[in-house]
Structure formats: C-alpha cells, structure tokens
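Listed below are the residues making up each chain.
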Amino acid sequence: MAVIQATPELLRPSDIDHAFRDPYALSSRTRGISWVGLFAILAAFPLVFTNPAVTSVAVFTMFFLLATVAWNLFSGYSGYISIGHAVYYGLGQYTVALLVLHLHIAAGAGELGVLPLAGLVAAAGAVPVGLLVLRVRRHTFIVLTIAVMFIFQLLAFNFPSITGGSTGLNVPPPAWSPYSYNLPFYYVALGTAILALLTSWGIRRSKFGLGLLAIRDDEDRAKGLGIKVTRAKLIALVISAFYVGIAGGLYAVFVGQVFPQFAFTPFYDLYLAVFSFVGGLGTLAGPVLGALVLGPLQQYFEIQFGATTLYLIIYGVLFILILLLLPRGVVPSISDRYRSMLAAHWRKTGRGPATQGGSSLSQGPATGPAPAPAMPAEPIVREGA
Amino acid sequence: MSLIEVQDIAKAYGGIRALDGCTMTFESGKINGLIGPNGSGKTTLFNVVTGYERPDRGQVAVNGEGITGLSPDKVFGRGLGRTFQLTRIFPRMTVVENLHVAAQRAGGFRSELSRWSSTEERSKSKEVLDFVGLTRLAAELAGNLSYGQQKLLEFAGIMIAEPQVILLDEPAGGVNPTLLTHLATRIQALNGQGTTFVVVEHDMEFVMGLCHRVCVMHQGRAICAGDPETVRADPMVLEAYLGTDMREIDDAEAEVV
Ligand SMILES: Nc1ncnc2c1ncn2[C@@H]1O[C@H](COP(=O)(O)OP(=O)(O)OP(=O)(O)O)[C@@H](O)[C@H]1O
Ligand SMILES: [Mg+2]
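1. A word on the sheet that holds strand β1 (residues 2–13) of chain B
Reasoning step 1: In spatial order, the strands read β2-β1-β4-β5 (chain B); together these 4 strands make up an open sheet with antiparallel pairing. Whereas interior strands pair on both sides, the edge strands pair on one side only; in this sheet they are β2 (16–27) and β5 (65–66) of chain B.

2. Considering the domain arrangement of chain B
All names here are of chain B.
Reasoning step 1: For chain B, the domain assignment lists domain 1 (2–79 + 164–256) and domain 2 (89–162).
Reasoning step 2: Centre-to-centre, using C-alpha coordinates, domain 1 lies 26 Å away from domain 2.
Reasoning step 3: With both sides pooled, the region where domain 1 packs onto domain 2 buries about 1100 Å², and carbon together with sulfur makes up 77% of that total.
Reasoning step 4: In terms of surface lost to domain 2, no three residues of domain 1 exceed F76, L183 and R186, which account for 40% of the buried area on that side.
Reasoning step 5: Taken together, the connections running from domain 1 to domain 2 amount to 1 salt bridge.
Reasoning step 6: Between R186 and E127 there is a salt bridge, with the nearest N and O atoms lying 3.4 Å from each other.
Reasoning step 7: Linking domain 1 with domain 2 are 2 residue pairs in polar contact (both at pLDDT 80 or more).
Reasoning step 8: Looking at the side of domain 1 that touches domain 2, the elements that each hand over two or more residues are β7 (165–169) and α7 (177–192).
Reasoning step 9: If you tally residues by element for the side of domain 1 that touches domain 2, the top one is α7, at 6 residues.
Reasoning step 10: Classifying every residue of the side of domain 1 that touches domain 2 gives 9 nonpolar, 4 polar and 3 charged.

3. With respect to the nonpolar core
Reasoning step 1: Y88, F185, L250 and Y268 of chain A are the most contacted members of the largest nonpolar core, which totals 150 residues.
Reasoning step 2: Looking at which element gives the most residues to this core, the answer is helix α11 (residues 229–255) of chain A, with 15 residues.
Reasoning step 3: Shared between two domains, this core takes at least three residues from each, and those domains are domain 1 (2–79 + 164–256) and domain 2 (89–162) of chain B.
Reasoning step 4: Leaving out residues up to four positions away in the same chain, L250 of chain A has contacts with F63, L66, L112, L115, F185, V188 and A189 of chain A.

4. Observations regarding the pattern of salt bridges
Reasoning step 1: Tallying each qualifying case throughout the model produces 20 salt bridges over all chains.
Reasoning step 2: The partner of D220 of chain A in a salt bridge is R137 of chain A, with the nearest N and O atoms 3.2 Å apart. Of this pair, D220 of chain A sits in helix α10 (residues 207–224) while R137 of chain A is found in the loop between α6 (115–133) and α7 (138–158), placing the two residues 83 residues apart along the sequence.
Reasoning step 3: Here E97 of chain B and R204 of chain A are joined by a salt bridge, their closest N and O atoms 3.0 Å apart. Here R204 of chain A lies in helix α9 (residues 182–204) and E97 of chain B lies in helix α3 (residues 95–102), a pairing that spans two chains.
Reasoning step 4: Residue E97 of chain B is classed as buried on the basis of its relative accessible area, which comes to 6%.
Reasoning step 5: Classification of R204 of chain A as buried rests on a relative accessible area of 13%.

Cut-offs and rules
The numbering scheme is per chain: residues are counted from 1 as the chain's sequence reads. Following the order in which they are written, the chains are lettered starting with A and the ligands numbered starting with 1. Only residues with pLDDT of at least 70 get local features here, since the model is predicted, and only at 80 or more are side-chain atom pairs given and counted; chain-wide, interface and lining totals rely on the full set of residues. Each side-chain value is worked out from all heavy atoms of the structure, with water and hydrogens disregarded. For two strands to be treated as a pair, DSSP must find at least two bridges joining them. Secondary structure counts use DSSP, requiring at least four H or I residues in a row for a helix and at least two E residues in a row for a strand, with both numbered from the N terminus. Segmentation of the chain into domains, including their bounds, is taken from an automatic or database domain assignment. Take the accessible area each of two parts loses on contact, using a 1.4 Å probe, and add the two losses: that sum is the buried area. For this analysis, a salt bridge means a side-chain nitrogen from Lys or Arg found within 4 Å of a carboxyl oxygen belonging to Asp or Glu. Think of a polar contact as two N or O atoms within 3.5 Å of one another; within protein, one of them needs to be a possible hydrogen donor and the other a possible acceptor, and neighboring residues in sequence only count if both atoms come from side chains. Only Asp, Glu, Lys and Arg are considered charged in this grouping, and only Ala, Val, Leu, Ile, Met, Phe, Trp, Tyr, Cys and Pro are considered nonpolar; every other residue, Gly among them, is considered polar. In plain words, nonpolar cores are sets of buried Ala, Val, Leu, Ile, Met, Phe, Trp, Tyr and Cys residues tied together by side-chain atoms within 4.5 Å. Here's how the labels work: a residue is buried when its accessible area is under 20% of the maximum for its type, exposed when over 50%, partly exposed in between, all with a 1.4 Å probe on protein chains only. In this description, contact between two residues means that some pair of their heavy atoms is separated by no more than 4.5 Å.

Okay, structure coming up:
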C-alpha cells in the first residue's frame, strides 16, 4: 500500500483552484457585474422616478436595506437570531436627536454629519448588551434580546428629562427643497448600505467569518477547534449594531421625531428577520433581495391598511406562503434549482466537470465512485449563493 | 515521558459515576490506546481532558501544566485536538470550509481578518483531502456526505490543525477496511513526525496493531496499562470485558427463567 508523503511537493495554485472549484458557482465576473448592475440601478432610481411619494418609499427601503444587511451580518452568519436590534436602532435615533438638541446643530447637512456618532453609540451599547445576552444559547437568546429591547423602551419612557418621555424628541427637518428633499437621505443610506455589504462580504471570506459560520453549525465543536466563540459573536454584534445605529440616526432626521415606542419597537426586528429569512439567511445576496422586494411591499401595506393592524396580518400570511413554497429563502432555493437544472443538462449533453474534479495528484486510497450525496432529512442551505 | 497526566478524576451524572477516581498517563510521542467496555468512561475522560466537561474532582495536566477546567478553545490552544464518537462536522459549510475552521488560528485577531482560503492553506487542505479521498467533494456541503465520509472529514479537520496531541474517539467506526489500513498508516506517519495520539477504539485488531501502549478502563477507572501483549494477557482485562457483563447477563437470564 502506498504510503502517503507527509510533506507533499507544493502544489500550484491553479491545480488547487481546479480541484476545489464549485462547478455550479457563477463566475466571480458574473457575480461582480450583477452587483455593480444592481447598485447602478439603485443609484439611478430616484433620478428616474422623481415623485416624492415614490422616493419617500425608496428612502425607507434603503434604510431597511442597510439594517437588513447589518442584521444578517450578525444573526445570519452566527445563527443567533436577534429580535433586539431595535436597541441599536433606537440608540442611533436618540443619539442624533440629543446631539442635535444639545449641540444646537443647525437643521440640514450637519444632522447627517453626526450619523457616525449614532453608529458608534449603538456599537458601544452593543458591548454590555452583548455580554449579557450572549451568555445564553440560541432559543433563550431570542427571548432575552426581546426582553432587553423592552427594557430600553421603558428607560426611554421613564427618563423624560433626557429622552422627553412619551412626548419624544424633535429633530428639526432640513430646509431643503421638497423636490430633492429625499435625495440626500436616499444616497447616504445607499452608500452606507454598500459599506455594510462590503463589510459583510469581507467577513464572509475571512477566518473570522468562517468561525461565525462554524458557531452557527456547531458551537461546541467550534470551541474545540480553538475559536473564541464569545469574542467572535460579540465582535459581529458590535459591527452589526454600528450600521443599525446609523440606520436609526437616518430615520430620526428623516422623520423628524423620536418616540420610545417607535425607536425601541419589536416590529423592527421582525421586519429585518423576515427580509433576511425570505431572501436567504446567512447569504450575501439574500438580505439585499429581501429588503428590496419586501421593504416596499411592507410600506404599501402599511399605507393601504395602516389605520388597522390588518397589514400585519396580510404580511404574516405572505411570509408563511413564501416559507411554504421556498422554505429556505428565495436565493438558496433558486440557487439549488439552478444547480440541479445545470446538473441535468450536463448529464444529457455528457459534458460537465464531474469527471475532472478527481485528484490526479492523489496517491490516496481508491474510495470508489463517491456516492451521490444523500438528501439530508433537514434541508440544508447553501451559503454564498 | 508522560504528556497527559490524569490524576484521580471523578465525574458523576446523577447516580452514574462515569469516572470514579481515574488516574492514568498518556505518553509523549506514542500512539496511546484507550480501551474498555461500553460505558466504562472513555468518552467522558476525553470530555474532561479537552474541557467539555468539568470534573467533580481531580487534575489534568499537559506537559506538567495543569489544564483542569480550562475551556475547550484554551485546551486546543495547549495543543490538544480531538474528534468525537458521534461525528461532528459543520453540515452547512462546504468540505473545504470545514477543513479551514481549524487551520492555523494561532495568530491573534489580525490573522482572523485574513482570507481563510489563502493559497498556502489551500495547498495544505488539498493534500489532506487527497489523502481521505474527498477532493472531488471539496465544494459539496459537508452535511451531504455519507457517514463514513463525515468521519474522515472530521479526522482531516483535526489533522490539518497539527496539534501536539490528537485524541480520536472511535475513528474506525463505519470506515471501510481499505481506508482503515490507510488511516492507520497516516496515524503512524504523523506519529513519526512527533504527534502524540490517544485512540479510543473497540476494534481490537486495529488497536493492538497500531498502539505502542494500551490503557484499559473499567467502570470509570484505569485497571491496567502496558504494551499490547501484556494488556491482552492480563486477566483483569478479560474479566472487565467478559466477566462482569457475562455474569450480569447470566443473572438476568436466571431471573427470567
Ligand atoms: N452527558 C451524560 N449524561 C448522563 N450520563 C452520561 C453522560 N455522559 C456519559 N454518561 C454515562 O457515563 C457512563 C460512561 O459513558 P462514556 O460515554 O464515557 O462511556 P464510553 O466508555 O465512551 O462507552 P462507549 O464505548 O459505549 O462509547 C455511561 O454509563 C453513560 O451512560
Ligand atoms: Mg464512548
């Protein structure tokens, strides 16, 4: 029997690329072009559709896009579903409102200028909150995040000398022309969303991100492989909170008012979670798709049926329908369907990578043809789609 | 020279005393076998040594330094890597990603920010995957692999981390015989380069052929240790494996009759 060389000759990178290539994956060029195309369309949108009623929906959608990408960067990767991100949303809102009030910042661009501070305060808030809620595992974590969120709401109600209590705080609206009023908000949110997406992408390809995915799949084993799980989760949470805090700050300036029950609201996280789930939890494109499609839909329902909570019911029904039809979210489902179609096509045409991936370099044991991967009982989501 | 020293460890689960004053050593640079009947506490001992369980009393030391009660990531930092009896892989990550979780986490947070798939690391994982015959499935989700393949992937995942000691909990279960021989060869090759092994295994032929030294556990205690021949001939070992269990079965049958 051949003895394996313990120190192999160094392999050429191209050999490895060839061996490790995911035969179904879109080429990085295709993916790059799709992303650039998508953001070009988003950048052009408010210049084409100038009706303020439309652009106002678009602004809120950008806020959602930013926050959903940020939410997914923690909850999607680590598998810890947070229903308490409104804490950071609210912190961002109050930070901007209080800074504007006490530093006498003039209405206008200056208000948008303090947004990074809103992000930093939210991120700083995530440290103690995270140290508290990350002490427990998944299911308890969900409950604990909601509880902490309501504590913040109570605090906001009960310290009127600082927060204005139930009367809230005002953020004077910038005196911009009504025709272009929405544009700065739109572009600041879009730009920040792109930053958040780049952060998410960077995390996904780093060792740190790989550690987060490992935590999601099996936290105890991840620990045994040297991953500092608590630190990793906390860092992801802080980064996530930073962007959500900016989303909150943007919202405060745009709407002009901050109230405890709207700043620290459980609905906010339901939206972010639903957008991510429907699009594809833990993927890069999923939350983007979820926010861009469902964000406007959610607002449409709210405008149509806003006086009642009917819109929440309709929304819930839609969510359930999507989960029944595409249980793992749109992006992974489509990606899987595409894979099996491509595989079928390759089988028919007798072409494809199946015969090439084998290792010519291998002196390894003949394991025989690899068995076709058995379908696991629980559906498995493919990452990085 | 002993690398891992276990001193008087006790661990109880409710009324069950999984470990009951267990004292044993695993020697540096050797392939140490750990055998014993089902329920004798082998897996529990692994759990205590690697930080997954806190012992009720007793000490664990590696290279003379106490590691009792350290968390699993710290124990890994001391150079101990392990596999699990019930195979644990990361099901929703690809095969390559699985390998890289363990690879080279030493460099502090700066290195955490670097790409997990650098050329150097991929070259290493390619070699390891070739060895276990999983190269073709590199981009497949680990959860889609067969049980035996998952077992191999788990082994590969710890191998690539190059710890000082590798603790294997039943590596042979469900792996085909050809590959098993290969696994043994690989363990010996790594051992030749200085890696210490502790292997729990019920396949006696595998254990006796592979290990330099074998420890036997029974009811949460070490009952004997030595080279394979000595252990094989020890009457206490036969007693542990056949005696009590057989007597209990006889008793049970007698009661039924
Ligand atoms: N988490 C646990 N909770 C309760 N009892 C446990 C637990 N872990 C182990 N035990 C008990 O401790 C005893 C020793 O179990 P352990 O798994 O260590 O045995 P083992 O030697 O690995 O057996 P096997 O060869 O069957 O794997 C058993 O009686 C088992 O039931
Ligand atoms: Mg066991």
